[in-house]
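Residues per chain are reported as follows:
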Amino acid sequence: MPFGHDMQYSLATVVELVNTSPSTGGEDRLASLGELQSFVEAREVSGLGGLTARDLGQVRMIREAFYRVFTSPDQPTAVRLLNGLLSETRITPRLTEHDGHPLHVHYFAPDATLAEHLAADCGVALAHLLVEGEWERLRTCAAPDCDHVFVDESRNRSRVYCDSRTCGNRMHVAAYRARRRA
Ligand SMILES: [Zn+2]
Ligand SMILES: [Zn+2]
């Protein structure tokens, strides 16, 4: 996929974020401040102060906004929803180097809250994906009991499961068993 490292990283972050939502099947995995802290550390979200219950509420709201973008029935809907999300977010692009990462662009405002940070960087990454005509790469897992979202980065846009190590394998095993029974 013709996207830079930063953009891929932001796309991976928004996928991780959305997949903590009970909307994608399973339990809410952002139900507490501790879980929010773990998410932030796992995704190496930089430049944050202490997190509060308010951050948790705001992040959960932005998570559902991103979920709706991923599950839009068509591209015009995705564009409209993403524009709505971006219009409510302060975005100030600036070049930065930190924590050993090469020069890259941050889109979130210097005093951004965590939710603003995620909305800005992940929102811009999704905007670029749409601009590149790649809306169809925003997918929902084809496994019957899984609604996780993912970005299909395969060359021929052929990926159908959220994670080939889990859902993909699981489905292959199920298909194999079904064939054996037949
Ligand atoms: Zn950075
Ligand atoms: Zn899945």
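Our structure is the block above this text.
Given the structure is predicted, the values throughout are model-derived calculations rather than measurements. (Residues numbered from 1 in each chain as written. Chains lettered and ligands numbered in written order. Predicted model: local features only at pLDDT ≥ 70, side-chain atom pairs only at ≥ 80, totals over all residues. Heavy atoms only, no water.)

1. Digging into the packing of aromatic side chains
So, point 1. For the structure shown, the criterion picks out 0 aromatic pairs.
So, point 2. Taking the ring centre of Y9 as reference, the NZ or CZ of R43 above it sits at 4.3 Å.
So, point 3. A cation over an aromatic ring shows up here: R94 above the ring of F108, its NZ or CZ 5.1 Å from the ring centre. (Phe/Tyr/Trp six-rings, centres within 6.5 Å; stacked < 30°, edge-to-face > 60°. Lys NZ or Arg CZ within 6 Å of the ring centre and 35° of its normal.)

2. Topic: the pattern of salt bridges
So, point 1. Inspection of every chain in the model, using the stated rule, returns 9 salt bridges.
So, point 2. The residue D111 makes a salt bridge to R90 at a minimum N-O spacing of 3.0 Å. Within this pair, whereas D111 is found in the loop between β2 (104-108) and α5 (114-131), its partner R90 is found in the loop between α4 (75-87) and β1 (91-96), the two being separated by 21 residues in sequence.
So, point 3. By relative accessible area, R90 is classed as partly exposed at 39%. (Salt bridge = Lys/Arg side-chain N within 4 Å of Asp/Glu carboxyl O. Helix = DSSP H or I, 4+ residues; strand = E, 2+ residues; numbered from the N terminus. Buried < 20%, exposed > 50% of the residue type's maximum accessible area, 1.4 Å probe, protein only.)

3. Topic: the coordination of the zinc ion (ligand 2)
So, point 1. Taken together, C141 (SG), C146 (SG), C162 (SG) and C167 (SG) make up the full set of protein donors to the zinc ion (ligand 2), lying 2.3 to 2.4 Å away.
So, point 2. One can describe the site at the zinc ion (ligand 2) as tetrahedral: its 4 donor atoms subtend angles covering 105 to 115 degrees at the metal.
So, point 3. Take C146: its relative accessible area is 7%, and that puts it in the buried class.
So, point 4. Judged by relative accessible area, C162 falls into the buried class, the value being 12%. (Donors = N, O, S within 2.8 Å, 3.2 Å for Na, K, Ca; no water. Tetrahedral: all angles 85-135°; square planar, octahedral: opposite > 155°, others 65-115°.)

4. Topic: helix α1 (residues 5-18)
So, point 1. In a regular helix each residue adds 1.5 Å, so 14 residues correspond to 20 Å; α1 covers 20 Å between its end C-alpha atoms and thus fits that length.
So, point 2. Buried residues of α1: M7, S10, L11, T13, V14, V15, L17 and V18, and no others.
So, point 3. Its buried side turned inward, α1 meets α2 (33-42), α3 (53-70), α5 and β4 (149-151). (Expected span 1.5 Å × (residues − 1). Contact = heavy atoms within 4.5 Å.)

5. Describing the side chain of D121
So, point 1. With respect to the helices, strands and loops of the structure, D121 is situated in helix α5.
So, point 2. Buried within the structure, D121 lacks any salt-bridge partner; R94 is the closest side chain of opposite charge, at an N-O distance of 7.2 Å.
So, point 3. In terms of polar contacts, D121 uses its side chain to reach the backbone amide nitrogen of Y107, at 3.0 Å.
So, point 4. Setting aside its immediate chain neighbours within four residues, D121 contacts S10, H106, Y107 and F108. (Lys, Arg positive; Asp, Glu negative; His and termini not counted. Polar contact = N/O pair within 3.5 Å; in protein donor to acceptor, adjacent residues only side chain to side chain.)

6. Observations regarding the packing of α4 against α5
So, point 1. At a minimum axis separation of 10 Å, α4 and α5 run at an interaxial angle of 150 degrees. By the angle between their axes, α4 is roughly antiparallel relative to α5. In terms of crossing hand, the pair formed by α4 and α5 is left-handed. Where α4 approaches α5, its residues Q75, A78, V79, L82, L85 and L86 are matched on the opposing element by A119, G123, V124, L126, A127 and L130.
So, point 2. When grouped by side-chain class, the residues that make up the contact of α4 with α5 number 10 nonpolar, 2 polar and no charged. (Axes fitted to C-alpha atoms, helices over the stretch in contact; angles between N-to-C directions. Parallel < 35°, antiparallel > 145°, perpendicular 65-115°, else oblique. Left-handed = near helix turned anticlockwise from the far one by under 90°. Nonpolar A, V, L, I, M, F, W, Y, C, P; charged D, E, K, R; others polar.)

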